[in-house]
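So the chains spell out like this:
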Amino acid sequence: MTRAPLALTPDELLTTTRSVRRRLDLDRAVEPGVLTECLELALQAPSGSNRQAWHWVFVTDPVTKRALADLYREGFAAAYGPGVIGEMTGQQRKMWESARYLADNFGRVPVILIPCQWGRPEHAAVPEQAAYWGSLLPAVWSFMLALRSRGLGSAWTTLHLGREREAAARLGIPYERCAQAAMIPIAYTRGLDFKPGSRNPAAGIVHWDHW
């Protein structure tokens, strides 16, 4: 084992796995072995018909990381223009500043993960789309939980997908036959003391037997 897991209970792991941006350690290398170890755990996740049609593209080459970071920054600028910033609440502004930090530093993270899956779901009916993403996202989340258990952080981002075809060309992903789900920064974290996030109470969103 590359790194002994943290002494977290299952409940602690589930409630303290956060989207980490500012606290990513951009200067500490991430060993390939710890990524393989986390992935082996993630591959136990379910997939539709047990197809396991996923692929995992880990990017460590500095030039390629900078190219992907450029695509992300373009997506960030399009999503968060000046008009959007002016309408933000204090909490939204805080989140924006964290996301902006990641946009400014994405090319510096030790590892970028692009999780992919065979097929393209954009023209599929809703049931097929649900089955498609439901066959990939559980495995990615399991991977992110495994990272947290070993002192690493990550964040689910999708802003590069507006330029997905360009990312595919850069990485050699067969765009017409394989879809990208996200672009995930991976690094050790500065400190391990993550807390549960603020969430709306369950009472307002739970329904029994009918809406």
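You'll find the structure just up there.
Residues numbered from 1 in each chain as written. Predicted model: local features only at pLDDT ≥ 70, side-chain atom pairs only at ≥ 80, totals over all residues. Heavy atoms only, no water.

*Asks:* If you had to explain the overall build of the chain to someone new, which residues and values would you point to?
*Replies:* Scanning the chain from terminus to terminus reveals eight helices and five strands. Across the chain, helices and strands are ordered from the amino to the carboxyl terminus as α-α-β-α-α-α-β-α-α-β-α-β-β. For 211 residues, the compact-globule formula gives about 17 Å, and the C-alpha radius of gyration of the chain, at 18 Å, lands near that figure. In the chain, once contacts between residues fewer than 6 apart in sequence are set aside, the share between residues at least 24 apart is 84%. Distance from the positive charge centre (24 side chains) to the negative charge centre (20 side chains) of the chain: 5 Å. (Helix = DSSP H or I, 4+ residues; strand = E, 2+ residues; numbered from the N terminus. Rg over C-alpha atoms; globule rule 2.2 N^0.38 Å. Contact = heavy atoms within 4.5 Å. Lys, Arg positive; Asp, Glu negative; His and termini not counted. Charge placed at Lys NZ, Arg CZ, Asp CG, Glu CD.)

*Asks:* Could you give an account of the layout of surface pockets, naming the residues involved and the relevant values?
*Replies:* Empty space within the largest pocket amounts to approximately 820 Å³. For the largest pocket, the lining is made up of 23 residues, of which R18, S19, R21, M95 and S98 are closest to its centre. Breaking the lining of the largest pocket down by element, the ones donating at least two residues are α5 (90–105) and α7 (137–149). Volume-wise, the second largest pocket comes out at about 230 Å³. (1 Å grid on protein atoms, 1.4 Å probe; cavity = no way out; pocket = protein on both sides within 12 Å on 5 of 7 lines; lining within 4 Å. Points joined across faces, edges and corners; volume = space filled by probe spheres on them.)

*Asks:* Can you break down the pairing of strand β5 (residues 184–188) residue by residue, with the values?
*Replies:* Across the five residues of β5, five count as buried, placing the element largely inside the fold. Of the two faces of β5, both are covered, the one formed by I184, I186 and Y188 as well as the one formed by P185 and A187. Bridge count for strand β2 (residues 111–118) against β5 is three bridges, and the pairing is antiparallel. Its bridge partner lying in β5, I112 is registered against P185. Inspection of the sheet shows strand β3 (residues 152–154) paired to β5 by three bridges, in the antiparallel sense. Within β5, the residue paired with S154 across the bridge is I186. (Buried < 20%, exposed > 50% of the residue type's maximum accessible area, 1.4 Å probe, protein only. Pairing = 2+ DSSP bridges.)

*Asks:* With reference to specific residues and values, describe unusual backbone geometry.
*Replies:* Within the chain, N50 stands out as a residue other than glycine whose phi angle is a positive 55°. Inspection of the secondary structure puts N50 in the loop between α2 (32–42) and β1 (54–59). The class for N50 is exposed, based on a relative accessible area of 53%. With phi around 50°, Q52 is a residue other than glycine that occupies positive phi space. For Q52, the location among the structural elements is in the loop between α2 and β1.

*Asks:* Pulling in residues and values, what's your account of a nonpolar patch on the surface?
*Replies:* On the surface, I205, V206 and W208 cluster together into a nonpolar patch covering about 390 Å² of accessible area. Inspection of the secondary structure puts V206 in the segment after β5. (Patch = residues over 30% accessible without salt bridge, like charges linked within 9 Å, V, L, I, M, F, W, Y side chains within 5 Å. Areas by Shrake-Rupley, 256 points an atom, 1.4 Å probe, with all protein chains shown as cover. Salt bridge = Lys/Arg side-chain N within 4 Å of Asp/Glu carboxyl O.)

*Asks:* Before we move on, can you summarise the environment of T89 with the specific residues and values?
*Replies:* As for its position among the elements, T89 is in the loop between α4 (82–86) and α5. Here T89 falls in the partly exposed class, since its relative accessible area comes to 45%.

*Asks:* Mind laying out the nonpolar core, listing which residues take part and the relevant values?
*Replies:* Most often, soluble globular proteins have nonpolar side chains that are buried together. One finds L24, Y72, F106, I112 and M183 to be the most contacted residues of the largest nonpolar core, which totals 27 residues. Those elements giving two or more residues to this core turn out to be α3 (62–79), α5, β2 and α8 (164–171). The biggest single contributor to this core is α3, with five residues. Setting aside anything within four residues of it in sequence, one finds L24 in contact with L102, V109, G153, S154, P185, A187, Y188 and R190. Formed by 24 residues, the second largest nonpolar core is a distinct cluster that contains V34, L35, L113 and I186. (Core = buried A, V, L, I, M, F, W, Y, C linked by side-chain atoms within 4.5 Å.)

*Asks:* Pulling in residues and values, what's your account of the packing of α2 against α7?
*Replies:* At a minimum axis distance of 8 Å, the contact between α2 and α7 shows a crossing angle of 135°. As summarised for this structure, α2 and α7 are arranged oblique, according to the angle between their axes. Remark: the crossing between α2 and α7 carries right-handed chirality. Counted together, L35, C38, L39, L41 and A42 of α2 and A139, S142, F143, A146 and L147 of α7 form the full contact between these two elements. Of the residues in the contact of α2 with α7, the class split is nine nonpolar, one polar and no charged. (Axes fitted to C-alpha atoms, helices over the stretch in contact; angles between N-to-C directions. Parallel < 35°, antiparallel > 145°, perpendicular 65-115°, else oblique. Left-handed = near helix turned anticlockwise from the far one by under 90°. Nonpolar A, V, L, I, M, F, W, Y, C, P; charged D, E, K, R; others polar.)

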